[in-house]
Amino acid sequence: MAVAAVIAGASACNSSTEEYHVELDGSAIVKGFSLVENDKVLADLDSVYFSIDLVNGDIFNADSLPMGTRIKALAANITTDNASAVTLYIPRPGMSDSVVNYLENSADTIDFSNGPVRVEVTSLSGATTKSYRVRINVHTIKSDSLCWGSTAIAPLPAVSGANAQRTVQQGSAFYTFSTDGSRYSVAATSDMASWQPSIFTPGFDMDVNTVTATPQRFYALATDGTLYAASAAGGPWVSEGLHFTCLYGAYGDDVVGLCTDVNGHLTVLAYPSGHVTTDMPDDFPVSGFSPAVTLTTSTSSGPQMLITGGRDVSGALTGATFGYDGTAWARISMSAIPEGLEGVAVAPYYTLRNQIVEWRVDVYPSLLAIGGRKTDGSINETVYMSRDWGLNWQKADSLMQPGNGFPRVYAAQAPVAPRTLSVARGASVWRELGGARLPLGARPEGCLAASRAVAPVTEWDAPYVYLFGGYDAAGRLNDGVWRGVINRFTFTPIQ
């Protein structure tokens, strides 16, 4: 109060025409940065979000602009709080920087193509100057997908010396069945990190490769084709009194398989509903098809069970996808995988595409086809993708090819499960193998994007592809579980 009285007295003694200013460092702060709208360069250019790091003097767009975006002549909006001067220093190779007085020429375009532009902001009194580096990140790749990130391997949760295994999903839990020919084991997990293996006795000669899970039950065939069922993975297993040639997968509460009717004709039977299908496509697979993927799409009226690849009744291989809607089978593929494959693993995953006319990366639900055995017995090393649920297949972009991260196998399973990531990651049973980095410019280097939220994101879920088991070209069981993820899904989300 005493100080206030002194200040009031001093003010009363001065002329009313005099003004007094208190210097604030805040007047040298860049409060906002954006690019001016220019649809000839990029649609919605003015909505590109820029992070401002006041401590290190960095201004940048964490989400890179699409490859090919022209950044040689962009106008910018720079917001300050009563700065007395804003000076731009624009680099020019082989020459001195071009200097622009922004306050007098704010509409001038800026060339960001030769590296960061230095912006000097001088406070209202001129006592404080703050320097900033402004970077416009642009992708240096034009691809449908960004590359795989880190890959990791963990031991297959199987009995020692296992020669067969099968992993199925029931609800949010995954079950790996295995056998060495005499002992049987099942290991369960809900987080792909902690497994609970146990030995069980099925009471019959179980063909582990046929294990199928519906929401309430597990099914498997004996080596003679008899169908057995159990309410729990470890049993007890009970014969259903039916014989099948193979099991395609689960459709709702039914297990769907191939059997022979009394006239010796091949039919598809859904059990226990009893629905029979006899009119199958000519090249319909009767063995070697992928584990089924069941999904509901915007173009279907109900769930679709999809299988890909396999051998038809003549023994010929196909690369097509076939769909079952609970009543009939149809050949879905208009453009199949270019070569027939036996035992290809199909993952319901995602691919990413950089938009050309908008500054964003779109995520597309997709099918990925991994591995599989060719007609000559060699293992397919190409990853194929379909963005329309198997209607059209094509070779995935080169950055989606996992390289050395995945083993070359057939008859594997490729489920997809979320993994919770955090800024500070703890130890894991998985052995990280690293992986291909994004090419320079595909992500900001040496900086973290600032969050737009009050509290920054510390945890988020990323979809990982897991590859269980499978066999190499010599028929040996792969004793590991591999996982991989697209790099972008591992980045700390920008809010």
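All values reported here derive from a predicted model rather than from experimental measurement. (Residues numbered from 1 in each chain as written. Predicted model: local features only at pLDDT ≥ 70, side-chain atom pairs only at ≥ 80, totals over all residues. Heavy atoms only, no water.)

(A) Focus on the overall build of the protein. Along the protein, the regular secondary structure elements total two helices and 33 strands. Of all 495 residues assigned to the protein, the portion counted as buried reaches 50%. Summarising the internal contacts of the protein: among those between residues at least 6 apart in sequence, 60% fall at separations of at least 24. If you sum the accessible surface of the protein, you get close to 23,300 Å²; carbon and sulfur atoms cover 52% of it. (Helix = DSSP H or I, 4+ residues; strand = E, 2+ residues; numbered from the N terminus. Buried < 20%, exposed > 50% of the residue type's maximum accessible area, 1.4 Å probe, protein only. Contact = heavy atoms within 4.5 Å. Areas by Shrake-Rupley, 256 points an atom, 1.4 Å probe, with all protein chains shown as cover.)

(B) Focus on the pairing of strand β10 (residues 164–170). With six of seven residues buried, β10 is to be regarded as a mostly interior element. Two strands pair when backbone bridges link them, and β10 and strand β11 (residues 173–179) are joined in this way by seven bridges, in the antiparallel orientation. Bridge assignment links V168 to a residue of β11, and that residue is Y175. Between β10 and the antiparallel strand that follows it, β11, lie two residues; G171 among them carries a positive phi value of about 65 degrees. (Pairing = 2+ DSSP bridges.)

(C) Geometry of a negative patch on the surface. On the surface, E37, D39, D44 and D46 cluster together into a negatively charged patch. Mapped onto the secondary structure, D44 falls in the loop between β1 (30–35) and β2 (51–53). Residue classification places D44 among the partly exposed positions, given a relative accessible area of 40%. (Patch = residues over 30% accessible without salt bridge, like charges linked within 9 Å, V, L, I, M, F, W, Y side chains within 5 Å. Salt bridge = Lys/Arg side-chain N within 4 Å of Asp/Glu carboxyl O. Lys, Arg positive; Asp, Glu negative; His and termini not counted. Charge placed at Lys NZ, Arg CZ, Asp CG, Glu CD.)

(D) Local environment of the packing of aromatic side chains. On inspection of all chains with the given rule, the structure shows 23 aromatic pairs. Ring geometry for Y464 versus Y466: centroids 6.5 Å apart, planes at 40 degrees, classification tilted. Here Y464 matches Y466 in class, with each residue buried. In this structure an aromatic cluster arises from ring pairing among Y175, F177, Y184, F200, F204, F218, Y228 and W237. For R373, the ring lying beneath its charged end belongs to Y410, and the centroid distance is 4.0 Å. Against the face of Y364 rests R387, its NZ or CZ located 5.0 Å from the ring centre. (Phe/Tyr/Trp six-rings, centres within 6.5 Å; stacked < 30°, edge-to-face > 60°. Lys NZ or Arg CZ within 6 Å of the ring centre and 35° of its normal.)

(E) Structural detail: the layout of surface pockets. Considered as a void within the structure, the largest pocket measures approximately 740 Å³ in volume. It is β10 that provides the largest number of residues to the lining of the largest pocket, a total of five residues. Considering only residue class, the lining of the largest pocket consists of 15 nonpolar, ten polar and one charged. (1 Å grid on protein atoms, 1.4 Å probe; cavity = no way out; pocket = protein on both sides within 12 Å on 5 of 7 lines; lining within 4 Å. Points joined across faces, edges and corners; volume = space filled by probe spheres on them. Nonpolar A, V, L, I, M, F, W, Y, C, P; charged D, E, K, R; others polar.)

(F) Examining the sheet that holds β11 more closely. In spatial order, the strands read β10-β11-β12-β13; together these four strands make up an open sheet with antiparallel pairing. Bordering the open sheet on either side are β10 and β13 (196–200), each of which pairs with just one other strand. Neighbour to neighbour, the strand axes of the sheet diverge by 20 degrees on average, direction disregarded. Bridge count for strand β12 (residues 184–189) against β13 is five bridges, and the pairing is antiparallel. (Axes fitted to C-alpha atoms, helices over the stretch in contact; angles between N-to-C directions.)

(G) Layout of the sheet that holds strand β17 (residues 238–243). Reading across from one edge, β14-β15-β16-β17 is the order of the four strands in this open sheet, with antiparallel pairing throughout. What marks the edges here is a single partner per strand, and that holds for β14 (206–213) and β17. Recorded for the sheet is a direction-independent mean angle of 30 degrees between the axes of neighbouring strands. With four bridges connecting them, strand β15 (residues 218–222) and strand β16 (residues 226–230) associate as antiparallel partners. The partner of Y219 across the bridge, within β16, is A229.

(H) Focus on unusual backbone geometry. The residue after G235, namely P236, is reached through a cis peptide bond having omega 10 degrees. As for its placement among the helices and strands, P236 is situated in the loop between β16 and β17. A cis amide bond links Y271 to the next residue, P272, at an omega of 15 degrees. Tracing the backbone shows P272 in the loop between β20 (266–271) and β21 (275–277). One non-glycine residue, N82, lies in the positive phi region at around 65 degrees. With respect to the helices, strands and loops of the structure, N82 is situated in the loop between β4 (76–80) and β5 (85–92).

(I) The pattern of salt bridges, seen in detail. The final tally for this structure, using the stated rule, is eleven salt bridges. Across the pair R311 and E342 runs a salt bridge whose closest N-O atoms are separated by 3.4 Å. Residue R311 is located in strand β23 (residues 304–311), and its partner E342 is located in the loop between β25 (329–331) and β26 (345–354); the two are separated by 31 residues in the primary sequence. The exposure class of R311 is partly exposed, given its relative accessible area of 23%. Between E339 and K374 there is a salt bridge whose closest N-O contact spans 3.9 Å.

(J) Examining the environment of P272 more closely. The partly exposed category is assigned to P272, whose relative accessible area is 49%. Through-space distance from the C-alpha of P272 to that of D253 is 7.9 Å; in sequence the pair is 19 residues apart. Once residues within four sequence positions are removed from consideration, P272 is found in contact with Y219, D253 and D254.

(K) Geometry of the state of the cysteines. Taken as a whole and judged by the stated rule, the model has zero disulfides. With no disulfide of its own, C246 has C259 as its nearest cysteine by sulfur position, at a separation of 9.5 Å. Judged by its relative accessible area of 10%, C246 falls in the buried class. The exposure class assigned to C259 is buried, which follows from its relative accessible area of 11%. (Disulfide = S-S within 2.5 Å.)

None of the figures reported here should be taken as evidence of function without further support.
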